[in-house]
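What the coordinates show
Residues per chain, in single letters:
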Amino acid sequence: MISGAEIMVKCLEAEGVSVVFGYPGAAICPFYDKIYDSDIKHILVRQEQNAAHAASGYARCSGKPGVCVATSGPGATNLITGIATAYTDSIPMVAITGQVRSDLLGRDVFQEADITGACEPFVKHSYLVSKTEDLPRVFKEAFHIASTGRQGPVLIDIPMDIQTNEIEEFVYPDSVNIIGYKPNTKGHAIQVKRAIDAIKLSKRPLIVSGGGVLSSGVKLQFQDFALKTRIPVISTMMGIGVMPSENELYLGMLGTHGKAVANRALHEADLVIVCGARLGDRAVAAPHQMSENTTVIHIDIDPAEIGKNVKTEIPIVGDMRNVLDMLVENIGDYTVPEQWQETVKTWKKDLFKTPPVFDGYVEPRTLVGHLSAMFRSKAILVADVGQNQIWCANNFRIREGRFLTTGGMGTMGYSIPAAVGAKFARPDRDVIAICGDGSFQMGMNELATIAGNKLNIKIIIMRNSRLGMVRELQDKNYNGRHSATILQGDPDFLTIAEAYGIDCAEASSNEDAENIIKGIVDSDKPFILVCNVYPDTPSI
Amino acid sequence: MQYTLSILVENQAGVLSKISGLFSRRGFNIDSLAVGVTNTPGVSRITIVANGDEYVVEQLEKQLNKLIPVIKVKRLNNDEFISRELILIKVHCAAAKRAEIIKTAEIMQAKIVDVASSCVTIEYCECANRVNTLIDLLKPYGIREIVRTGTVAIDRGTASVSV
Ligand SMILES: Cc1ncc(C[n+]2csc(CCOP(=O)(O)OP(=O)(O)O)c2C)c(N)n1
Ligand SMILES: [Mg+2]
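About the cut-offs
- Residues numbered from 1 in each chain as written.
- Chains lettered and ligands numbered in written order.
- Predicted model: local features only at pLDDT ≥ 70, side-chain atom pairs only at ≥ 80, totals over all residues.
- Heavy atoms only, no water.
- Helix = DSSP H or I, 4+ residues; strand = E, 2+ residues; numbered from the N terminus.
- Buried < 20%, exposed > 50% of the residue type's maximum accessible area, 1.4 Å probe, protein only.
- Contact = heavy atoms within 4.5 Å.
- Areas by Shrake-Rupley, 256 points an atom, 1.4 Å probe, with all protein chains shown as cover.
- Lys, Arg positive; Asp, Glu negative; His and termini not counted.
- Charge placed at Lys NZ, Arg CZ, Asp CG, Glu CD.
- Buried area = accessible area lost by both parts, 1.4 Å probe.
- Salt bridge = Lys/Arg side-chain N within 4 Å of Asp/Glu carboxyl O.
- Phe/Tyr/Trp six-rings, centres within 6.5 Å; stacked < 30°, edge-to-face > 60°.
- Domains from an automatic or database assignment.
- Nonpolar A, V, L, I, M, F, W, Y, C, P; charged D, E, K, R; others polar.
- pLDDT = per-residue confidence, 0-100.
- Core = buried A, V, L, I, M, F, W, Y, C linked by side-chain atoms within 4.5 Å.
- Donors = N, O, S within 2.8 Å, 3.2 Å for Na, K, Ca; no water.
- Pairing = 2+ DSSP bridges.
- Axes fitted to C-alpha atoms, helices over the stretch in contact; angles between N-to-C directions.
- Parallel < 35°, antiparallel > 145°, perpendicular 65-115°, else oblique.
- Left-handed = near helix turned anticlockwise from the far one by under 90°.

Attention shifts here to the overall build of chain B. The helix and strand tally for chain B stands at four helices and nine strands. The helix and strand sequence of chain B, counted from the amino end, reads β-α-β-β-α-β-β-α-β-β-α-β-β. Seen through its C-alpha atoms, chain B measures out along the principal axes to roughly 55 × 30 × 30 Å. Per-residue burial for chain B yields a buried fraction of 42% across its 163 residues. Across chain B, the fraction of contacts at a sequence separation of at least 24, relative to all contacts at a separation of at least 6, is 73%. Of the roughly 8700 Å² of accessible surface on chain B, a fraction of 51% belongs to carbon and sulfur atoms. Within chain B, the 17 negative side-chain charges are centred at a point lying 3 Å from the centre of the 20 positive side-chain charges.

Now for helix α1 (residues 4-14) of chain A. Turn by turn, an α-helix covers 3.6 residues, leaving residues three or four places apart pointing in a common direction. By the burial criterion, the buried members of α1(A) are G4(A), A5(A), I7(A), M8(A), V9(A), C11(A) and L12(A). Of the residues flanking the end of α1(A), it is G16(A), one or two places downstream, whose phi is positive at about 75°.

The next subject is the interface of chain B and chain A. Listed as interface residues are 15 residues of chain B and, on the opposing side, 17 residues of chain A. Here chain B packs against chain A, burying approximately 1400 Å² in sum over the two surfaces, 54% of which is carbon and sulfur. In this structure, E120(A) and K18(B) form a salt bridge, with 4.0 Å as the shortest nitrogen-oxygen distance. For the side of chain B that touches chain A, the secondary structure elements donating two or more residues are α1 (15-25), α2 (54-66) and β4 (70-76) of chain B.

In this structure the tally under the stated criterion is nine aromatic pairs over all chains. Centre to centre, the rings of F23(B) and F28(B) are 6.5 Å apart; their planes meet at 85°, and the pair counts as edge-to-face. A single burial state applies to F23(B) and to F28(B), both of which are buried. Each member of the aromatic cluster is reached from another via a ring pair, and the members are F21(A), Y58(A) and F424(A).

Let us now look at the domain arrangement of chain A. All names here are of chain A. Partitioning chain A into structural domains gives domain 1 (2-167), domain 2 (189-349) and domain 3 (364-532). Put simply, the middle of domain 2 and the middle of domain 3, counted by C-alpha atoms, are 30 Å apart. With 16 residues of domain 2 at the contact, the number on the domain 3 side is 18 residues. For the pair domain 2 and domain 3, the summed buried area comes to about 1300 Å², and 56% of that belongs to carbon and sulfur atoms. Run the count over domain 2 and domain 3 and you get one salt bridge. R397 is paired through a salt bridge with E246; the nearest N and O atoms lie 3.5 Å apart. Split into classes, the residues belonging to the side of domain 2 that touches domain 3 amount to seven nonpolar, four polar and five charged.

Taken as a whole, chain B shows an average pLDDT of 93; of its residues, 100% reach a score of 70 or greater. Taken over the whole predicted complex, pTM reads 0.95, whereas the ipTM for its chain interfaces reads 0.89.

Okay, the domain arrangement of chain B next. If you check the domain split of chain B, you get domain 1 (2-76) and domain 2 (82-152). Using C-alpha coordinates to define each centre, domain 1 of chain B is positioned 30 Å away from domain 2 of chain B.

Most often, soluble globular proteins have nonpolar side chains that are buried together. Residues and elements named next belong to chain A. Membership of the largest hydrophobic core comes to 91 residues, with the highest contact counts inside it found for L371, F403 and L529. In terms of domain composition, this core takes at least three residues from each of domain 2 (189-349) and domain 3 (364-532). Ignoring sequence-local partners within four residues, the contact set of L529 consists of I459, I460, I461, A505, E506, A507, A513, I516 and I517. Judged by nonpolar contacts, the second largest core, of 54 residues, contains A55, A59, M93 and V530.

What follows is about the coordination of the magnesium ion (ligand 2). All names here are of chain A. In this structure, D437 (OD), N464 (OD1) and R466 (O) serve as the protein donors to the magnesium ion (ligand 2), at separations of 2.1 to 2.2 Å. Within one chain, the residues serving as donors to the magnesium ion (ligand 2) are arranged as D-x26-N-x1-R. Linking D437 in helix α17 (residues 437-443) with N464 in the loop between β18 (457-463) and α19 (468-477), this pair joins segments that are 27 residues apart in sequence. Of the two residues, D437 and N464, neither departs from the other in class, the shared state being buried.

Residues and elements named next belong to chain A. The topology assignment puts S3 in strand β1 (residues 2-3). In this structure S3 comes out as buried when scored by relative accessible area, which is 7%. Residues in contact with S3, not counting those within four places in the same chain, are K34, Q163, T164, N165 and E166.

Turning to the sheet that holds strand β12 (residues 271-275) of chain A, a few remarks are in order. Residue and element names in this part refer to chain A. With parallel pairing, the six strands of this open sheet are ordered in space as β11-β10-β9-β12-β13-β14. Each of the sheet's edge strands pairs with one partner strand only, and the pair in question is β11 (250-253) and β14 (314-317). Recorded for the sheet is a direction-independent mean angle of 15° between the axes of neighbouring strands. Summarising the sheet, strand β9 (residues 205-209) and β12 pair through five bridges and their orientation is parallel. Note that in β12 the partner of V208 across the bridge is V274. Helix-sheet contacts for helix α10 (residues 219-229) involve β9, β10 (233-235) and β12, and the interaxial angle to β9 is about 165°.

Sheet strands pair by backbone hydrogen bonding; their relative direction is either parallel or antiparallel. Residue and element names in this part refer to chain B. Taken in spatial order, the four strands line up as β2-β3-β1-β4 in an open sheet, and their pairing is antiparallel. Looking at which strands have only one partner, the edges of the open sheet turn out to be β2 (30-37) and β4. Across the sheet, the axes of successive neighbouring strands diverge by a mean angle of 15°, strand direction being ignored. As judged from the six bridges shared by strand β1 (residues 2-10) and β4, these two strands associate in the antiparallel manner. Paired with L8 across the bridge in β4 is K72.

Residues and elements named next belong to chain A. Taken N-terminus to C-terminus, the directions of helix α8 (residues 189-201) and helix α12 (residues 320-330) make an angle of 50°; their axes are 10 Å apart at the nearest point. Regarding the angle of α8 to α12, the classification is oblique. For the element pair α8 and α12, the recorded crossing hand is right-handed. Contacts between α8 and α12 involve A189, V192, I196 and K200 from the first element and M326, L327 and N330 from the second. Partitioned by chemical class, the residues of the contact of α8 with α12 number five nonpolar, one polar and one charged.

Pasting the structure below:
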């Protein structure tokens, strides 16, 4: 005989899961009792939301679904923000929650919360398991759904009795059969042909790349396509990293917080190839940013994204990998007209400008710009939310590494837990988290996770003693009335770091900051650098 | 523009709330909704009548298709399908008016299913337009209560929406 809890662990093992992030409680205790004996590493976070963010960071760097676990009621509701963040960022994730006994469901007993109901708008799919026998199928389906098609979080809610009941034997299914779920992966040949014809006719083609290129794991193929055709590339926030920032074809991030040259390119292009991006309002604030006569080719695994935000002439539903293969195969030796190549070259010169320095402060954009060269080329940078995110997005010169941030939900507090997840996925790489002083205080409870697991994560806090991004908005739209955006009563972050036993330092000039960083890049210990930033430093 | 969607779903817990939630979340209004089993065990059909422009309907179809328990979504083409609603109407009926009301029901091919001292109950199964016509005809007598199902619809001819 085998219990539901044991089955849960065996399912995770069968899926090749090696680490899960979670926080226990009574309703998930049977599972915790069994994972105690397993080789699967359980990482105890300090707040459930961070278990989901850590699973997100892990998923993005490992290419496998991240797994997070919480108890019923408040544990489960604490997960919601993390699940919603993963949903809008299309991150493959399996979230497991304990639930009260199934015979008590609906009676509002202690720590009962309808978590499948509450998460309904934020999950790709969810299960409330009603029989122990169903567990293997549910897990198999959950991992399949989370990691195929447009990826996303799947929630499995498991009542106590389902975890404790025993059944005869454990058999893990080797395939799934969900009649309503058959994601289309192969691009339509006729649409691909139309796209090729349109590209060949265009005078000023442009690629807009989103997170889809990264999540389908085809960065290098994508670069080959761009380099071969010489089509210039701009990216959304989630797409940063598809090309090395210094590459001559790459013109930066588009959108309200993006690079002027990227937006200019979008405006002047006569053909735009959108690759795995949904083009939300931050990317293309107003569709009129694109010229009336621009031909749009949109490649996406999710048919619902095509035509949702921009008018599309040539839709191609399919996996980036397949579609790119088809494009490369059929494009022949086409290259972009000389004149457009020349224009792009002159624009590229304008991409990185040196911002003015304020005496006695660190200039954050310059610091971020120099950061990549100080770390190894595959470094993973996790940016939080606020001005710090924009500084990172526009100035980090990514090489072969990754840039992680939450583009869809913009959840403050993402960077530190996501860096924890990234480090578990890629212990061999440098992992850097950059956050604001506001967002640091939303994620800093994970300093304990970092210290406890001796994780080599370097944290840079951009301290402007403000909720800088909102304050900037108030300056622009609310007559400079700084309602609730001045951070009063903040602690000394160095003392906080020391309390956790984490080495730290403070910098008030770029020279200081860079010297400190140079001194710690080779250490295998975590470090916190507090950079004093002039409060009026603009986002862009 | 009014349109009718015929949706086949796996009959599992929560599927109806997933679908209705999708409508309300994205600000799409539903005019009517009807659910019933089909000839395939485990598969139910949901018929939805709603309003919206072409963009809205296309988005809806795509978003519905994304729901895992949704097997198939089809927008039924105008005039190429048969639709029915069932309505039960309780109408005020003074003795003097009884013959008149019965006559109206007869003309519309509706059935009187219950008679009491001061009212009659009429059953009618027709497309929404004709149901509305009957209601209009009966209004002058005083309607006490209306009980109405959502629209169900099926393709004309050999076309079908099945698994
Ligand atoms: C959880 C959450 N709450 C509120 C916001 C709204 N918000 C966006 S940016 C920002 C300010 C962030 O301040 P800080 O972390 O200090 O970064 P800065 O802008 O100063 O660099 C706020 C409050 C948010 N994005 N997420
Ligand atoms: Mg700040």
